[in-house]
Amino acid sequence: MKQLIITSDDFGLSPGVNAAVEKAWRDGILTCASIMPGAAAFDEAVGIARRNPDLQVGLHLTLVQGSAVLPPEDIPGLVDAAGNFRDNPVAAGMRYFFDKGLYKPLQREIEAQIKRVKDAGIPVTHIDGHLNIHLHPTVFSILGELMPRYGIASFRLSRERLLHNLTFNRERVAGKTLERLIFGALSSHACSGLQRMGIRHACEVKGVLNSGRMNEEYILNILDGLNEGLTEIYFHPGCLPDSEITRRMPDYRHEDELAAITSPQVRRKLAALAIELTNYRGDVKQYV
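In this text, all values refer to a predicted model and were calculated from it rather than measured experimentally.

## Some details on the packing of aromatic side chains
Part 1 of the reasoning: The final tally for this structure, using the stated rule, is two aromatic pairs.
Part 2 of the reasoning: Summarising the aromatic geometry, the rings of phenylalanine 97 and phenylalanine 98 are spaced 5.0 Å apart at their centres and angled 80 degrees between planes, so their arrangement reads as edge-to-face.
Part 3 of the reasoning: On the accessibility criterion, phenylalanine 97 (38% relative accessible area) is partly exposed.
Part 4 of the reasoning: You can call phenylalanine 98 exposed: its relative accessible area is 56%.
Part 5 of the reasoning: Judged by centre distance (5.5 Å) and plane angle (70 degrees), the ring pair of phenylalanine 140 and phenylalanine 155 falls under edge-to-face. Residue phenylalanine 140 is found in helix α5 (residues 137–149), and its partner phenylalanine 155 is found in strand β5 (residues 154–155); the two are separated by 15 residues along the sequence. The pair phenylalanine 140 / phenylalanine 155 is uniform in exposure class, with both members buried.

See below:
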């Protein structure tokens, strides 16, 4: 049996993202959203989650290109004076790995992000990360301590088949190859720990290699080749104009991604292929 989780990342980043998440849930095939607890539109996202209680919401752990939940004085060295993480994911990742003095601030901030979502009345059912920072070895080590404590039962293992992607999209071949090597290795490192903790993950995650370019044509093409079992496809939908997502992700095709999630043609193909829409809890969503 083929099952499919459809997730929107960056929930809470901006009003344009939040509006797209609600539309994708009500009018499309969205089954999950991953919320950024330090983002400016977090409170609005919480309100959307409350009025759509069947939409499963998890934590979009943010430790790069975003804002912390804790004040800078509580996490020394982790953020700048304004409470912002570094924008460069490679530089941030190197610091998190080699600077052992950052372990405790990282631990405090990660736990604070989990708590902020839970304190808003949203059960943290799954974890993924902004720019896949949740797979970083130092970060994953901390999550290995916190996930069992907070009852978090699912995790995004960001591994995707390169050749299947390149069959339908030949952009950024070198970049995709490097990303496949990096995230494949990080996922392999995390896999045994997830099994030991009994934490669920999808067999494959689509969206890693075509991030920001998950349009209708691409989705229709890849659905034919989904593996048996559970697959997650993640998107970055948005309603424009929205200065925040345009500033942060100028090359992403937010409206095209929202159109793919709400596409009648995509729904018809899912039905024709007998692919079941679900979420990390195992709830089944009927085709809209």
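## Topic: helix α10 (residues 254–261)
Part 1 of the reasoning: What α10 keeps buried is the set His254, Glu257, Leu258, Ala260 and Ile261. Within α10, the buried residues cover an arc of 155 degrees as seen down the axis, which keeps them to one side.
Part 2 of the reasoning: Taken together, the buried residues of α10 touch β1 (2–11), α1 (15–27), α8 (216–223), β7 (229–235), α9 (243–248) and α11 (264–272).

## Topic: the packing of helix α4 (residues 103–119) against α5
Part 1 of the reasoning: At a minimum axis separation of 10 Å, α4 and α5 run at an interaxial angle of 45 degrees. With respect to their mutual orientation, α4 and α5 come out oblique. When you trace α4 past α5, the crossing you get is right-handed. Contact residues: α4 offers Tyr103, Leu106, Gln107, Ile110, Glu111 and Ile114, while α5 offers Thr138, Val139, Ser141, Ile142, Leu143, Glu145, Leu146 and Arg149.
Part 2 of the reasoning: Residue classes in the contact of α4 with α5 are distributed as eight nonpolar, three polar and three charged.

## Brief notes about the pairing of β7
A regular strand carries its side chains on alternate faces of the sheet.
Part 1 of the reasoning: Of all the seven residues making up β7, six are buried; the element is thus mostly covered by neighbouring parts of the structure.
Part 2 of the reasoning: Both β1 and β7 contribute to a ladder of seven bridges, which runs parallel. In the strand pairing of β7, threonine 7 is matched with tyrosine 234.
Part 3 of the reasoning: The pairing of strand β6 (residues 204–206) with β7 spans three bridges and is classified as parallel. Each residue of the ladder has a partner; that of glutamate 204, found in β7, is threonine 231.
Part 4 of the reasoning: You can see the chain leave β6, run along α8 and come back into β7, and the turn it takes is right-handed.

## Thoughts on the side chain of glutamate 22
Part 1 of the reasoning: Positionally, glutamate 22 belongs in helix α1.
Part 2 of the reasoning: Taking relative accessible area as the criterion, glutamate 22 reaches 12% and is therefore assigned buried.
Part 3 of the reasoning: A polar side-chain atom of glutamate 22 sits 2.8 Å from a polar atom in the side chain of arginine 51.
Part 4 of the reasoning: If we skip the residues at most four places from it in the chain, glutamate 22 touches Ile48, Arg51 and Asn52.

## Focus on the packing of α5 against helix α7 (residues 173–197)
Part 1 of the reasoning: Taken N-terminus to C-terminus, the directions of α5 and α7 make an angle of 15 degrees; their axes are 11 Å apart at the nearest point. Between α5 and α7, the interaxial angle falls into the category roughly parallel. Along this stretch, α5 crosses α7, giving a crossing that reads as right-handed. Across the interface between the two elements, Pro137, Phe140, Gly144, Met147 and Pro148 of α5 pack against Leu186, His189, Ala190, Leu194 and Met197 of α7.
Part 2 of the reasoning: Among the residues making up the contact of α5 with α7, the classes are represented as eight nonpolar, two polar and no charged.

## Regarding the nonpolar core
Most often, soluble globular proteins keep nonpolar side chains buried together rather than apart.
Part 1 of the reasoning: One finds Phe155 and Ile219 to be the most contacted residues of the largest nonpolar core, which totals 86 residues.
Part 2 of the reasoning: No other element matches the six residues that α5 contributes to this core.
Part 3 of the reasoning: Aside from chain neighbours lying at most four places away, what touches isoleucine 219 is Met214, Ile233, Phe235, Ala260 and Val266.

## Side note on α1
Part 1 of the reasoning: Taking 1.5 Å of rise per residue, the 13 residues of α1 would be expected to cover 18 Å, and the 18 Å separating its terminal C-alpha atoms lies within 8% of that figure.
Part 2 of the reasoning: Within the span of α1, buried status applies to Gly16, Val17, Asn18, Ala20, Val21, Glu22, Ala24 and Trp25.
Part 3 of the reasoning: Contacts made by the buried residues of α1 are with β1, β2 (32–35), α2 (42–51), α9, α10 and β9 (284–285).

## Notes on unusual backbone geometry
Part 1 of the reasoning: Between leucine 240 and the following residue, proline 241, the backbone shows a cis peptide bond with an omega angle of 5 degrees.
Part 2 of the reasoning: Along the chain, proline 241 falls in the loop between β7 and α9.
Part 3 of the reasoning: Its identity as a non-glycine residue notwithstanding, glutamine 65 has a phi of 50 degrees, on the positive side.
Part 4 of the reasoning: Within the fold, glutamine 65 resides in the loop between β3 (56–61) and α3 (89–98).
Part 5 of the reasoning: Judged by its relative accessible area of 23%, glutamine 65 falls in the partly exposed class.

About the thresholds
Residues numbered from 1 in each chain as written. Predicted model: local features only at pLDDT ≥ 70, side-chain atom pairs only at ≥ 80, totals over all residues. Heavy atoms only, no water. Phe/Tyr/Trp six-rings, centres within 6.5 Å; stacked < 30°, edge-to-face > 60°. Buried < 20%, exposed > 50% of the residue type's maximum accessible area, 1.4 Å probe, protein only. Helix = DSSP H or I, 4+ residues; strand = E, 2+ residues; numbered from the N terminus. Arc of directions from axis to C-beta. Contact = heavy atoms within 4.5 Å. Axes fitted to C-alpha atoms, helices over the stretch in contact; angles between N-to-C directions. Parallel < 35°, antiparallel > 145°, perpendicular 65-115°, else oblique. Left-handed = near helix turned anticlockwise from the far one by under 90°. Nonpolar A, V, L, I, M, F, W, Y, C, P; charged D, E, K, R; others polar. Pairing = 2+ DSSP bridges. Right-handed = clockwise from strand over helix to strand, strands pointing away. Polar contact = N/O pair within 3.5 Å; in protein donor to acceptor, adjacent residues only side chain to side chain. Core = buried A, V, L, I, M, F, W, Y, C linked by side-chain atoms within 4.5 Å. Expected span 1.5 Å × (residues − 1).

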